[in-house]
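Architecture and fold: a report
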Amino acid sequence: MKILAPSILSADFTNLSQQIRLVEMGGADWIHCDVMDGHFVPNITFGPFIVEAVNRITNLPIDVHLMIEKPELYIKDFIDAGADYITVHFEEVIHLNRVINQIRELGANAGVVINPSTPVSSVRDIVEYIDLLLIMTVNPGFGGQKFIHNSLRRIHEALELREKSNSRFLIEVDGGINNKIIKSVSDAGADVFVAGASIFKAENISAATAELKNIISSK
Ligand code: DX5
Ligand code: ZN
C-alpha cells in the first residue's frame, strides 16, 4: 500500500486541528512533522509540544522528521509526545546503529534520512535494522522547493539495496512532491510520499490530498 503523509510545515497553525481534519477527509495516511533547530538546517520550527498537540488532534500515525543536532537527546521526548515513526539524518548521527536501537527500544519505528548529496550506498550497513529510509528530494529546511530530479535514480538504488540486503524498510520521499511529479516518483518505487505546500497551500486542502492519494493508489 502507498502512503500519503501531509507535512504540517505549510499548514495554517492558527487552526491546526481544522487543517488536520481536512487532510484526514482527503484520505491522508500519516501526518509528517518537520522538526528543525536552526543548526542542522537554517530554519526553526517546533518541538515535542506541537507533536503532542497533533497526537491529540488525530489518530493517524505521526511521522517525525528530526532535522536537529544531537537527535539522540530528544528521542524519548518525541516518543512520549506520540511519535510513531522517527527519522534521523545520516549526516548528523555518529552512532547510527545505537540511535536506531534506541528508537525501537522505546517503542517507535525507526528511520534514516539521507540528504540529496548523500549516496544511497552510505546506508548499506544500517538498512536491515530500519523501518523507513527517507530520501530527501530537496535540500532540507524549507517547504515549497523544487523536486531534485536525480531523486528518481536514487529511489531505484534504494529498491536495489532493499532487494540485495533482503530488508523490508519503506522508501519515503520528501520535498517538492506535487500532482505533476508524484506519478513518476510512485512508478519509480517509493512507498511513502510527504507533501507540504502542494496540499496545505492549495485552495481546497481535502481535494488536493485526495488527488495525490488517487494518483499513488492507481496502478
Ligand atoms: C523540508 C521538509 C519537508 C517539507 C516538504 O525540509 O522535510 O517535509 O515540508 O515540503 P514541500 O512538500 O512543500 O516541498
Ligand atoms: Zn520532512
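Criteria and thresholds
- For every chain, the first residue of the written sequence is number 1, and numbering continues from 1 onward in sequence order.
- Here every chain gets a letter starting at A, and every ligand a number starting at 1, in the order they are written.
- Residues qualify for local features only when their pLDDT is at least 70, as the model is predicted, and side-chain atom pairs are given and counted only at 80 or more; totals for whole chains, interfaces and linings, by contrast, use all residues.
- To get the side-chain values, all heavy atoms of the structure are used, and hydrogens and water are removed first.
- Under the DSSP-based scheme used, a helix requires at least four consecutive residues in state H or I and a strand at least two consecutive residues in state E, with every element numbered from the N terminus.
- As defined in this context, the radius of gyration uses C-alpha atoms, and a globule is described by 2.2 Å times the residue total to the power 0.38.
- Using a 1.4 Å probe, accessible areas were evaluated by the Shrake-Rupley method; residue-level cover was limited to the displayed protein chains.
- In this tally, Asp and Glu contribute negative charge and Lys and Arg positive charge; neither His nor the terminal groups of the chain are included.
- We put the charge of a Lys on NZ, of an Arg on CZ, of an Asp on CG and of a Glu on CD.
- At least two bridges found by DSSP between two strands are what make those strands a pair.
- Between the N-to-C directions of two axes lies an angle of 0 to 180 degrees, each axis being a line fitted to C-alpha atoms and, for a helix, fitted only over the stretch in contact.
- Put simply, a nonpolar core is a bunch of buried Ala, Val, Leu, Ile, Met, Phe, Trp, Tyr and Cys residues held in one set by side-chain atoms that sit within 4.5 Å of each other.
- Relative accessible area decides the class of each residue, using a 1.4 Å probe on protein chains only: under 20% of the type maximum gives buried, over 50% gives exposed, and in between gives partly exposed.
- Pairs of residues are marked as contacts when any of their non-hydrogen atoms sit within 4.5 Å.
- Salt bridges are identified by distance alone: a Lys or Arg side-chain nitrogen within 4 Å of an Asp or Glu carboxyl oxygen.
- When the centres of two rings from Phe, Tyr and Trp lie within 6.5 Å, Trp using its six-membered ring, the rings pair. Their planes under 30 degrees apart give stacked, over 60 give edge-to-face, and anything left gives tilted.
- Given the number of residues in a helix, its expected span is that number minus one, multiplied by 1.5 Å.
- Whenever a nitrogen or oxygen atom comes within 3.5 Å of another N or O atom, the pair is scored as a polar contact, on the condition that within protein one atom can donate a hydrogen and the other can accept it, and that pairs from neighbouring residues in sequence are kept only if both atoms are in side chains.
- For classification, angles of less than 35 degrees are called roughly parallel, those exceeding 145 degrees roughly antiparallel, those between 65 and 115 degrees roughly perpendicular, and all remaining angles oblique.
- In this scheme the handedness of a crossing depends on how the near helix is turned from the far one: anticlockwise by less than a right angle means left-handed, clockwise means right-handed.
- As a working rule, the residues Ala, Val, Leu, Ile, Met, Phe, Trp, Tyr, Cys and Pro are called nonpolar, Asp, Glu, Lys and Arg charged, and the rest polar, with Gly in that last group.
- When we say a residue is near a molecule or strand, we mean one of its heavy atoms is within 4 Å of it.
- Using a grid of 1 Å spacing that covers the protein atoms alone, one calls a set of points a cavity when a 1.4 Å probe fits there but cannot get out, and a pocket when the set is open and has protein on both sides within 12 Å along at least five of seven lines; lining residues are those with an atom within 4 Å of a point.
- Whether a molecule lies in a cavity or pocket depends on its atoms, and more than half of them have to be within 2 Å of the grid points.

**Comments concerning the overall build of the protein chain**
A tally of helices and strands in the protein chain yields eight helices and eight strands. On C-alpha atoms alone, the protein chain measures out to a radius of gyration of 16 Å, which is about the 17 Å that the 2.2 N^0.38 rule sets for 219 residues. With respect to the three principal axes, the spread of C-alpha positions in the protein chain is 45 × 40 × 30 Å. Total accessible area on the protein chain is roughly 10100 Å²; 49% of this is exposed by carbon and sulfur atoms. Taken together, the 19 basic and 27 acidic charged side chains of the protein chain have centroids lying 5 Å from each other.

**A closer look at the sheet that holds strand 1 (residues 3-6)**
If you walk across this open sheet you meet the eight strands as 1-8-7-6-5-4-3-2, and the pairing is parallel. Looking at the sheet topology across the chains shown, the edges are occupied by strand 1 and strand 2 (31-36). Each strand of the sheet is rotated relative to its neighbour by a mean of 25°, with strand direction disregarded. Pairing geometry for strand 6 (residues 132-136) and strand 7 (residues 170-174), over five bridges, is parallel. Bridge pairing links Leu132 to Leu170 in strand 7.

**Quick word on the nonpolar core**
Ranked by internal contacts, the top residues of the largest apolar core, which has 64 residues, are Ile8 and Val185. Setting aside residues up to four positions removed in sequence, Val185 forms contacts with Phe147, Leu152, Ile155, Val173, Ile177, Ala190 and Phe193. If you look at the next biggest cluster of nonpolar residues, it comprises seven residues, including Ala5, Leu132, Val192 and Val194.

**Focus on the pattern of salt bridges**
One pass over the structure, following the stated rule, counts nine salt bridges. For Asp80, the salt bridge identified is with Lys76, shortest N-O distance 2.7 Å. Within this pair, Asp80 and its partner Lys76 are both found in helix 3 (residues 75-80), separated by four residues, close to a single helical turn. Put simply, Lys183 and Asp187 hold a salt bridge, and the shortest N to O gap is 2.9 Å. Highlighted residues: Lys183 and Asp187, both in helix 6 (residues 182-188), separated by four residues, approximately one helical turn. Residue class for Lys183 comes out partly exposed when judged on its relative accessible area of 35%.

**A closer look at the packing of aromatic side chains**
The full count for this structure, using the stated rule, is two aromatic pairs. Taking the centre distance of 6.0 Å and the plane angle of 45° together, the rings of Phe13 and Phe46 count as tilted. Placement of Phe13 in the loop between strand 1 and helix 1 (16-25) and of Phe46 in the loop between strand 2 and helix 2 (48-57) is noted, with a sequence separation of 33 residues between them. On the basis of relative accessibility, which here comes to 12%, the residue Phe46 falls in the buried class.

**Let's talk about helix 8 (residues 205-217)**
With 13 residues, helix 8 ought to run about 18 Å at 1.5 Å a step, and its terminal C-alpha atoms sit 18 Å apart, in line with that. Inspection of helix 8 places Ile205, Ser206, Ala208, Thr209, Leu212, Lys213, Ile215 and Ile216 among the buried residues, and these make up the whole buried set. Buried-residue contacts for helix 8 involve strand 1, helix 1, helix 6, strand 8 (192-195) and helix 7 (197-200). Taking the backbone nitrogen of Ser206 as reference, a side-chain oxygen 3.2 Å away marks Asn204 as the first, capping residue of helix 8.

**Overview of the packing of helix 1 against helix 2**
Viewed as axis vectors pointing N to C, helix 1 and helix 2 meet at an angle of 55°, and their least axial separation amounts to 10 Å. Regarding the angle of helix 1 to helix 2, the classification is oblique. For the element pair helix 1 and helix 2, the recorded crossing hand is right-handed. Within the contact between the two elements, helix 1 uses Leu16, Ser17, Ile20, Arg21 and Glu24 and helix 2 uses Ile50, Val54 and Ile57. Across the contact of helix 1 with helix 2, the residue classes break down as five nonpolar, one polar and two charged.

**Things to note about the site of ligand 1**
Around ligand 1 there are 20 residues in total, and Asp34, Gly141, Gly144, Asp174 and Gly196 lie nearest to it. Asp34 is positioned such that a nitrogen or oxygen atom in its side chain is 2.7 Å from an oxygen atom of ligand 1. In this structure, an oxygen atom belonging to ligand 1 sits 2.7 Å away from a main-chain N or O atom of Gly144. Alone, ligand 1 offers 380 Å² of accessible surface; in the complex the protein occludes 99% of this. The site holding ligand 1 turns out to be the largest pocket. Of all elements in the fold, only strand 2, strand 3 (62-67) and strand 8 reach the threshold of two or more residues within the shell around ligand 1. Per-class residue counts for the shell around ligand 1 are nine nonpolar, nine polar and two charged.

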